[in-house]
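# Structural characterization, general
Listed below, chain by chain, are the residues.
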Amino acid sequence: MTQNYRLDKIGLINRDKKLSFKFNGKNYFGYEGDTLASALLANGVHLIGRSFKYHRPRGFFGAGVDEPYAIVQLYRNNETEPNVKTTEQELFEGLEATSVNCWPSVNFDIGAINNFLKVFLPAGFYYKTFMWPKSFWYKVYEPIIRKAAGLGVASTKHDKERYEHKYEYCDLLIAGSGPSGLASAYAAAKNGARVILAEDKPRFGGTLLTSEVNIGNQTGKEWAENIISELKEMPNVIVKNRSQVFGYYDHNMLVMSEKLSDHLPKTKKYNPKQRLWYIRAKEVLISSGSIERPLVFGNNDTPGVMLSSAAKEYLKVYGVLVGKKPLIFTNNDSGYETAIEFKKNGIEPVILDTRKEPNSEIIEEAKNLGIQIKFSYVVVAAKGYKKVNAAEIAKISDNKNDLGTLENITCDCICVSGFWTPTIHLASQSGNKTKFDKDIDAFVPGVSKQSETTLGAANGTFTLAETLKDSFNAGYELSKKITKNDNKISHPTVVEKNKTTHDKFWCVPLPKGKNYKRFLDFQNDVAVSDIEIALKEGYRSIEHVKRYTTLGMATDQGKTSNLNGLQLVSNIENKIVPEVGHTTFRPPYTPVTIGAIVGREVGKHSRPTRKSPMHSWHEKNNAVFVDAGVWLRPRYYKIGEETLFEGSKREAKNVRANVGVCDVTTLGKIDIKGPDAAELLNRVYTNAWLKLPVGKARYGVMLREDGIVMDDGTTTRISENHYHMTTTTAQAANVLSHLEYYLQLVWPELNVNVVSTTEQWAGAAIAGPKSRNLLQKLFPNIDASTEGLPFMGYIEADLFGVHARIFRISFSGELAYEVNVESDNGNFMWEKIMEVGQEFKIQPYGTEALSTLRIEMGHIAGSELDGRTIPYDNSLEGLVSKKKDFIGKRSLDREAFIADDRQKVVGVVPIDKKTSIPEGSHLVKDAMAPIPNPKLGYISASCWSVEYDNPFSLAILKDGKNMIGQKLFAMSPLKNKTIPVEIVSSHYVDPKGERVRS
Amino acid sequence: MSSISALNATHSKGLFGDHEGKNDDELLKVSELKDFLIIQIVKYKSSLTAIENIKIDNLSLKNEALNISCNANTRILWNGPNNWLLISSKKETLKEINEKLLEADFAITNVSHSRAIIQIEGKNTKEILKKGCPFNFNELKKDTCLNSTYNGMSVTIDMIDDNPEKVRIFTLRSFGESFYHSITDACLEFGYKGI
Amino acid sequence: MQKYSIFNLIKNAFSGHQKWDLAWKDATPKKEYDVVIIGGGGHGLATAYYLAKEHNITNVAIIEKGWLGGGNMGRNTTIIRSNYMHDDNALFSEFGMDLWRKMSQDLNYNVMFSPRGIINLAHSDAQMNIFARRGNSMRLNGIDAVLLNREEVKEIIPMADFSDNVRFPIFGGLMQPSAGTARHDAVAWGYARQADSMGVDIIQNCEVTGFDVVGGKIQGVRTSRGDIKVKKIGLCVAGSTNILAEKLNMTIPVETHLLQACVTEPVKPVLDSVVTFGAGHFYISQSDKGEMVMGGDLDGYNSYAQRGNLPTLQHVLTEGIAMMPFLSKLKMLRTWGGIMDMSMDGSPIIDKTHIEGLYLNCGWCYGGFKATPASGWTFAHTIAQDRVHKLNEGYSLSRFNTGHLLDEKGLGTKTWIS
Amino acid sequence: MLHIKCPHCGMRSQNEFSYGGDATVKRPELNKEISDQDWDNFVYYRKSLRGKHKELWQHISGCRQWIKVERDTATHEIFKTVKAHEDI
């Protein structure tokens, strides 16, 4: 096998290592160090895909991140990835790729019919049509358009790769390892600064790898290699290749994606595929270079038309000829460098230079080498469909308006150079106010908002000597500012060929009678004519132009098209470019894998899970868990094939009949200490707290300042100045912050410390008529009688050698106690309760049974405290003090809150006593009323009352207090249910609360 | 045994991750620490007591960020203004605290059971921290501490040593299993030994 | 005005598309108008259109500081729905759905309204119940809603995570089949084109610098392009409401916050519905171009920056992958931020103010885009008739004093704090 | 990601903090008569302007102290941070 377009002696690839790969099913080979693009070009493959809209053939345009269209579907290690840039994808053994956006094949693509219809498909055509008949848009037209759109195919398999993050800090972050990056990194590192040098390509050196220059008596490439190896050895320097700094965020935080494994056939086990670096830098040096601008002419999207710098890179880095009969079309000296490289490698290029009589060392050299140069010449159009086979060229008048006679010239590639566009993306993202530099016809960074400096070509400095001088200085000065060191190293001498000015020319006029498409945005098929239409129709702001035509909105985000687009708008609108302004640069500079942004928090670990000390016991005993915030709680303990309904009913019944135990560790616990603790509680809760005796608990409700219930729970006075507060599981963290807010900001005079002790204590609620007997057995030394431990009483005791806190509180409405022990002993406590409880027929119960118990008792919980209810809605009037002030009190007397027909919690029973009412049903007066049917309230919680063996629900009902005894309908249209119901008191079981006090 | 530590069911011993062909000193060592006395000490705003005069286990309370007072048994970590976290392997220290720190001046809260504690040791220890915690560890020295967050979980990090690096990380007990996963998962790349 | 149609498109093709009219004229301010709408976003443009169309008031100017449709109109995630629980929100939005359904024909501009359905995923029975409450309320209000179980969700979005390796399993979801998306820019342009054709002056690059208020009445507005006499002003500047309110010496129960969104590179169609994650803040749809359009939570602090920070997006995308793991391999192409008017109960304000002739339209939080037609329609009514319409009665400014709040999420005054 | 100087702990990343809104709002004193409008202003009404904004943050994964921060809402530049009891 030979590669027709690979040269023997030139390039940085490893010829000792052949790699085989497949493209569109055909086998090829390349070498280690190739990109997929260079390997394909070496094999003479130029047709890669089809464009977005017209399905025109697409080849390669660039050689790196700026590539607008050479993208493929990549297959690697049994996975596939869409829209991979061939110019960035390094070749590996066994790589497979296919074309995107063409069917049935890239060679014969049905979609190319759009190319013939293109006169009917100008910018914005879809806004003007597809409107009739009305329903056809989403039934017929849209599905067709959708199918045609989209590039590659997303795999819907779960991603098995690892992605990681790293937070790093440094003095100087340097983005780009070209001459300015290397020089500034070296100067700063030598001066003791912590430096991170990031390069997005596999090889360091940037343009030094391809330019014929001499630095300190070494070739540019040798100099770069030496600097890099020295930097790599320095402990204060991190050097990273395959690493793209893609975003510049606030407070000098930059984000970089490092590709660790994309160039390998398979990611090494335990290694990440990519790593995202969050880098906080004291100073940022942007040395991201520049991107060559295309020249615009007819059919300039034909495969074989490419950037002149890319052609040079393929030649010098990969030893690949992009063509054997190249035409170089340039408006500046850069094209000559490419031509000279061709010539040196035995290829005869022809140069078309738009300039009249330029002169410089490089032009001289080209002349001396005998290269054919045509001055004042332009390419009018590329010829050929799937590959350039000739060009239509013409002489152009001095004012660049008129073309001479059209001539044909045979060629197999057209290398274009329309001068250079500084890569100002990062600077602009940082808030830098960019300015237009007339000398280079491009924007350059202006005044910095953050600590950032742009150097070299990215700053519009295109000579090496100046670049190195600026960069050595910047590296030294900035590092000196940070490290206070003063080690200055001297600049090396530089030998480079001088260049002359470029021609302010970017678009070839159309010859008379020709209607060539001249493309600006290659992937999205935006041509000069599209911009003209947009402007003609009044879409004048550059943002309107962009949105109307989709200019610059493709996967390359307009890296090669935006500036030419601006030029065009400014020409037509008769404005200067800076008045037109550029569209906003936003991160990411280049697309970033979402997996990398997310990192390790995926799958089961997408959010942490909290577990109680008794979790293992629950697991072993067939608990079915439920998410409560990020906690896992047992919902019921499944016996055999029991359903949730059966299991929870069994558990609830057992509580009512015997005794049950429930893990309540997840309830928030806050330890409150200090001389003003009582006063704090008195201000936070709606009821009175100043007179709670030591050893007693009290139920409390706290509000937000807007009067809405925030949370409820019991608080116990452990000792004179020591309280133990409990909160709901959901609000625990918020309540702590809430207390800290008032203590630190609003009432700093209060001497109180609050600290979360949720995790310190494992909690078990034992409930049921036999709970006292059980308690007495667990704690033989206490007096468990109602006199010894009354309702809302608190004592401390010893549980088989373990210190325990006992609270006589109840959520289930039964006689109940809550036992707390320190968490390490939680499992011990639980096992003891189960062991000793055997004789009382104890069963553990989960949240579902707990819910049943509280509903039939009419105890409110999260579903009634839904962030919209006030205490009155929940029948908590008795807990709202009239005498004292508290948080949120002032809001309670608003008009809507005191309205006579204000909603209230009520009980709801189906008339047939059989049909369960689905939660979320609404209560209406008339089930047959026309829509919209006025809703009086909704079912907040439903259960099967184990006490009465019929369904029972709680509802929040308008004018609830006057509705008891009324007959309404509970409607759930979603479940197609209309249930006649009767409104009853919310306290369905034990309305006087005798059991808890028994 | 009645007492079960936070990571009892979670921590496993042995070699994990990319450990093959690596020397023992190249591997990270991950262990669970338990049975510490952990006391939060907060001086009330109104208290006029001078903390300079107080010594617990011969250690002083210093009101200075990142600061630790420590000896072989006890480490007193600065936890916030007038707020310390005392970690001690000597359970008797609690008695000393209760004697020396008056109830009128200090809120003393025992939180010994409320934390899961992981110790990591080895030359890549800071690399593990950097994978989930946004703090700048480059200049963090031996015997300093901080509160921060690791993959979204609040943590206290205590730099025990810097050669080789050794840290203790405290997180809330209920997060223990998730946190243990987060840390050991970060260690896989380097290979680690659960001890 | 030239009609847009396939015939005209073909006709124009033969003249090289040289004969299309301006979609709208770039007007210069006149000395006096009957009504000035401040804000050339979707709501402002729609208001002007309906003033002309429904109330025959055409001596109207829209004043826009930048370019029209350039605020949140051009930076949203294009979702259209009416899946609200509170009656005021539901009936208002459903009225809007009707306007959406006929908008392309009404405006003679294809806004690509695509009723592909929205699914809110639920991850627990408790959440299913909350959704049932909302869905039943919708149905009783005449809005379509379906409660899906896990299997039914799987049929519609099989690429969501139904595996065992999932933190928050999918229990089911609430779907509004008639909800969907539209091409946001087209909506602005379509309204602009029609308003312009009926005589409304669209004035871009014109900044309001002050107001003339005499005796509690609006007399005029001062702009960077001169003073304008006017008796009625509609303030329609979500994101900048506080800035203009300050010029009027008003304080409004609204804070300004940043919401980010992002898109992936385009891929072939894989997701047909709009889907939201129930265990956090994440929503996604696939545009006709193939891009996955995604958004989530606010950046979490007052901001006018129109640029966000990465940790918020990281957080949002974490939830995205938790919901649909295949997103992991796609690449984020573009991110942007919009500044939101976050009202204190999460619902908007469309009302008169204490200043005669000054009308307020603000507080749209995350939901401004879908409200465009209904907002414009009711605001036009409020301005033209000098009284609120029944549809926007609930959106009164006074509700923050009376307690008649419209808190869909039950988060109270801190909806905007993450 | 913002970088906020906690007046107690030093420079820390934003992920250690939670936001608490406008710092200029003063809660009315307890038991004090105030007008409905003043109360509603306290609960609901905020200036929320472009430019310098005085706001609260809690160093929730740090020292748990509430702090006051002066920040530009357009550029996110932070000018000053002070402790809870200090004026900003």
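The structure contained in this document is the topic of the report that follows. What you see is a predicted model, and the numbers here were worked out from it, not measured in a lab.

### Thoughts on the sheet that holds strand β39 (residues 722-727) of chain A
Residues and elements named next belong to chain A. Within the open sheet, the five strands sit side by side as β37-β38-β39-β36-β40. Their pairing is antiparallel. Lying at the two open borders of the sheet, with one neighbouring strand each, are β37 (697-703) and β40 (753-756). Strand after strand, the sheet turns through a mean of 25 degrees between neighbouring axes, direction not considered. In this sheet, strand β38 (residues 709-719) lies alongside β37 in antiparallel orientation, the contact comprising seven bridges.

### Side note on the interface of chain C and chain A
Chain C puts 124 residues into the contact, and the matching count from chain A is 113 residues. Approximately 10200 Å² of surface area, both sides summed, lies buried where chain C meets chain A, with 56% of it carried by carbon and sulfur atoms. Among the residues of chain C in contact with chain A, C:Leu140, C:Arg167 and C:Lys329 are the three that bury the most area, contributing 9% of the side total. Summed over the shared surface of chain C and chain A, the result is 13 salt bridges. When the shortest N-O distance is used, the salt bridge between C:Glu319 and A:Arg607 registers 3.0 Å. Across the contact surface, chain C and chain A share 72 residue pairs in polar contact (both at pLDDT 80 or more). Examining the composition of the side of chain C that touches chain A, we find that 10 residues originate from one element, helix α5 (residues 125-140) of chain C, more than from any other. As defined by bridge partners, strand β32 (residues 592-593) of chain A adjoins strand β17 (residues 331-343) of chain C across two bridges and the pair is classed as antiparallel. Counted as the bridge partner of A:Val592 is C:Met332 from β17(C).

### Brief notes about the pattern of salt bridges
For side chains bearing opposite charge, pairing can occur when the charged atoms are close. Using the criterion set out here, one finds 110 salt bridges over all chains in the structure. Linking A:Glu642 and A:Arg650 is a salt bridge whose minimum nitrogen-to-oxygen distance equals 2.5 Å. For A:Glu642, a relative accessible area of 12% corresponds to the buried category. A salt bridge links C:Asp98 to C:Arg101, with the nearest nitrogen and oxygen atoms 2.7 Å apart. Of this pair, C:Asp98 and C:Arg101 both sit in helix α3 (residues 87-101), three residues apart, which is roughly one turn of that helix. The network of salt bridges with shared partners includes A:Arg162, A:Glu164, A:Arg275, A:Arg600, B:Lys131, B:Asp185 and B:Glu189.

### Some remarks on unusual backbone geometry
For the peptide bond that leads from A:Pro587 to A:Pro588, omega is -5 degrees, which places it in the cis range. Within the element layout of this structure, A:Pro588 appears in the loop between α15 (577-580) and β32. Here the bond from B:Asn163 into B:Pro164 is cis, since omega is -10 degrees, no more than 30 degrees from zero. Inspection of the secondary structure assignment puts B:Pro164 in the loop between β12 (153-162) and β13 (165-172). Here C:Asp386, not a glycine, exhibits a phi torsion of approximately 55 degrees, which is positive. Positionally, C:Asp386 belongs in the loop between α10 (372-385) and α11 (399-402). Relative accessible area serves as the criterion here: at 34%, C:Asp386 is assigned to the partly exposed category.

What counts and how
Residues numbered from 1 in each chain as written. Chains lettered and ligands numbered in written order. Predicted model: local features only at pLDDT ≥ 70, side-chain atom pairs only at ≥ 80, totals over all residues. Heavy atoms only, no water. Pairing = 2+ DSSP bridges. Helix = DSSP H or I, 4+ residues; strand = E, 2+ residues; numbered from the N terminus. Axes fitted to C-alpha atoms, helices over the stretch in contact; angles between N-to-C directions. Contact = heavy atoms within 4.5 Å. Buried area = accessible area lost by both parts, 1.4 Å probe. Salt bridge = Lys/Arg side-chain N within 4 Å of Asp/Glu carboxyl O. Polar contact = N/O pair within 3.5 Å; in protein donor to acceptor, adjacent residues only side chain to side chain. Buried < 20%, exposed > 50% of the residue type's maximum accessible area, 1.4 Å probe, protein only.

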